[in-house]
Amino acid sequence: MNRLMNQSKPLYKKASAMILLICVLFIFIGVLTSIQPAYRLSSSTINDWTSQIKGSSFLHLMSMENKSFERAYPENTESIDWSDVAFQMATSVKPNDARSLLGRELPGFESYDRKILIAGEGTDYTNLTYESTPPLDTVLKDREAQMPEEEVNDKESEQNSSNQTTGDRDVVFIYNSHNRESFLPSLPDAKNADDAYHSEVNITKVSEKLGEALENYGVGTQVDKTDIMNLLVEKNWNYTDSYKASRPIVEEALASNKSLDFVFDLHRDSSGRKLTTKTIDGKEYGKIMFVIGGNNANYEKNFQLASELHDRLEDKYPGLSRGVEKYQGAGRDGVYNQDVSSNAITIEIGGVDNSFDELYRTADALAEVFSDYYWDAEKVQANP
């Protein structure tokens with residue numbers, strides 16, 4: 001009898017431990033589901049934690065179960081330092097990135113902490129795009145301006161040689177949330193980026209040029225000409241509310257035309273000429289930067305489109321694309337109306353020091369590359 005009791009003790013211990021664990025699990029689940037929403041764990045919280053960890057760390061974990069993942073490692077990849085991983089998860093401070101510490105110590109610094117998704121030629125964290133945000137009165141000020149002249153298109157004979165066309169369907173929608181962003185070479189009295197705004201001679205001219213070039217390649221395009229700055233005045237909003245003001249314009253366009261599949265918001269950078277200009281075959285172009293909002297539901301698909309366009313630009317116009325960067329977090333919109341479509345991106349074309357000749361060349365180049373992308377995608381859909 002004693003022997004039987006001794007043999008059954010381990011079973012009692014295991015059963016007791018199992019019951020205890022189940023009770024703890026139910027209590028834990030009860031706590032998670034009953035606490036206030038502000039204190040619950042969410043997917044965004046987990047994403048914030050895991051975003052501090054290198055992607056190679058997750059690859060290493062998967063390779064522990066499936067050795068095939070080890071083949072994805074470059075030969076020179078160092079093994080994971082688990083103490084480093086634990087430190088990053090606990091503090092959100094990356095030992096090899098001083099910005100992760102300074103962003104929490106210096107007031108206002110964190111708002112400049114962005115992420116480079118794809119670094120183009122010469123792009124690093126010291127020369128990312130930035131847009132000046134002057135008072136609305138400064139943006140609306142009347143200024144003398146020189147109207148841009150149309151450049152003769154050197155590629156006109158090559159355009160739409162395949163006779164492909166979307167017919168009467170417009171598939172691309174182009175608009176400008178900061179529609180009065182202008183360029184110093186066209187403003188004789190302007191001295192800096194805060195002065196580079198005009199009611200007519202501005203980024204909308206580049207949007208019109210891009211729309212015309214896309215049409216020449218058979219890609220139906222709708223270019224919006226709404227003066228968003230006037231809307232801000234009517235609503236008594238600030239310049240920082242530009243995306244909120246432009247959003248209904250985009251939503252109405254998409255609702256009224258179901259064929260619209262691509263949404264481009266064109267801007268110009270406030271950076272100087274050195275960063276925003278590229279010489280290709282003896283001609284100067286305004287460089288392109290693709291900006292993706294990291295806080296929108298379509299982030300992954302938006303990034304996929306930007307990545308594809310960057311790669312195609314690199315192939316045909318090396319160095320024209322500055323790359324792809326992600327905006328999100330404190331002090332930023334983080335969405336930029338890109339949640340309205342899985343093919344919505346913000347495109348910075350040129351900078352405050354670029355001329356319209358340079359910007360128009362870039363618009364032609366972007367139209368050529370995008371039309372190639374579009375028609376290639378159409379072929380894939382037609383022949384699955």
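Above this text is the structure in question.
Just so it is clear, the model here is predicted, and its values are computed rather than measured.

### A short note on a nonpolar patch on the surface
Link 1 in the chain: There is a patch of nonpolar side chains on the surface, built from M18, I22 and F26 and spanning about 340 Å² of accessible area.
Link 2 in the chain: Positionally, F26 belongs in helix α1 (residues 2-34).
Link 3 in the chain: Owing to a relative accessible area of 60%, F26 belongs among the exposed residues under this scheme.

### Some remarks on unusual backbone geometry
Link 1 in the chain: Of note, the phi angle at N236 is positive, near 60°, even though the residue is not glycine.
Link 2 in the chain: Within the secondary structure layout, N236 lies in the loop between α8 (228-235) and α9 (242-256).
Link 3 in the chain: A positive phi angle, near 55°, is found at Y336, a position not held by glycine.
Link 4 in the chain: Turning to its location among the elements, Y336 is positioned in the loop between β8 (321-327) and β9 (344-351).
Link 5 in the chain: Among the residues examined, Y336 registers a relative accessible area of 8% and is labelled buried.

### Brief notes about the sheet that holds strand β1 (residues 115-119)
Link 1 in the chain: Strand order across the open sheet formed by seven strands is β1-β8-β7-β9-β4-β2-β3, with mixed pairing between neighbours. Lying at the two open borders of the sheet, with one neighbouring strand each, are β1 and β3 (221-223). Strand-to-strand twist in this sheet, taken as the mean axis angle between neighbours without regard to direction, amounts to 25°.
Link 2 in the chain: With six bridges joining them, strand β7 (residues 288-293) and β8 adopt parallel strand pairing. When the bridges of β8 are listed, I288 appears paired with S321.
Link 3 in the chain: Of the strands in this sheet, β1, β4 (262-269), β7, β8 and β9 touch helix α11 (residues 299-316), which is tilted by about 170° from β7.

### Observations regarding the side chain of N179
Link 1 in the chain: Among the secondary structure elements, N179 is positioned in the loop between β2 (172-175) and α7 (203-216).
Link 2 in the chain: Classification of N179 as buried rests on a relative accessible area of 3%.
Link 3 in the chain: Once residues within four sequence positions are removed from consideration, N179 is found in contact with N202, I203, T204, T226, D227, I228 and M229.

### So, the packing of aromatic side chains
Link 1 in the chain: As enumerated under the stated definition, the model contains 15 aromatic pairs in all.
Link 2 in the chain: Ring centres of Y197 and Y239 lie 6.1 Å apart, and the angle between their planes is 85°; on these two criteria the pair is classed as edge-to-face. Residue Y197 is located in the loop between β2 and α7, and its partner Y239 is located in the loop between α8 and α9; the two are separated by 42 residues in the primary sequence. For the pair shown, Y197 and Y239 are each scored as buried.
Link 3 in the chain: Ring geometry for Y327 against Y336: centres 5.9 Å apart, planes inclined by 70°, an arrangement best described as edge-to-face. No difference in accessibility class separates Y327 from Y336, as the two residues are buried.
Link 4 in the chain: Grouping aromatic residues by their ring pairs yields a cluster made of F262, F264, F370, Y373, Y374 and W375.

### Quick notes on the pattern of salt bridges
Link 1 in the chain: Tallied over the full model, the rule gives 13 salt bridges.
Link 2 in the chain: Between K316 and D372 there is a salt bridge, with its nearest N and O atoms 2.6 Å apart. Of the two residues, K316 is situated in helix α11 and D372 in helix α12 (residues 356-382); the sequence distance between them amounts to 56 residues.
Link 3 in the chain: Since its relative accessible area comes to 28%, D372 is described here as partly exposed.
Link 4 in the chain: What you see here is one network of salt bridges that share partners, running through R247, E251 and D339.

Conventions used here
- Residues numbered from 1 in each chain as written.
- Predicted model: local features only at pLDDT ≥ 70, side-chain atom pairs only at ≥ 80, totals over all residues.
- Heavy atoms only, no water.
- Patch = residues over 30% accessible without salt bridge, like charges linked within 9 Å, V, L, I, M, F, W, Y side chains within 5 Å.
- Areas by Shrake-Rupley, 256 points an atom, 1.4 Å probe, with all protein chains shown as cover.
- Salt bridge = Lys/Arg side-chain N within 4 Å of Asp/Glu carboxyl O.
- Helix = DSSP H or I, 4+ residues; strand = E, 2+ residues; numbered from the N terminus.
- Buried < 20%, exposed > 50% of the residue type's maximum accessible area, 1.4 Å probe, protein only.
- Pairing = 2+ DSSP bridges.
- Axes fitted to C-alpha atoms, helices over the stretch in contact; angles between N-to-C directions.
- Contact = heavy atoms within 4.5 Å.
- Phe/Tyr/Trp six-rings, centres within 6.5 Å; stacked < 30°, edge-to-face > 60°.

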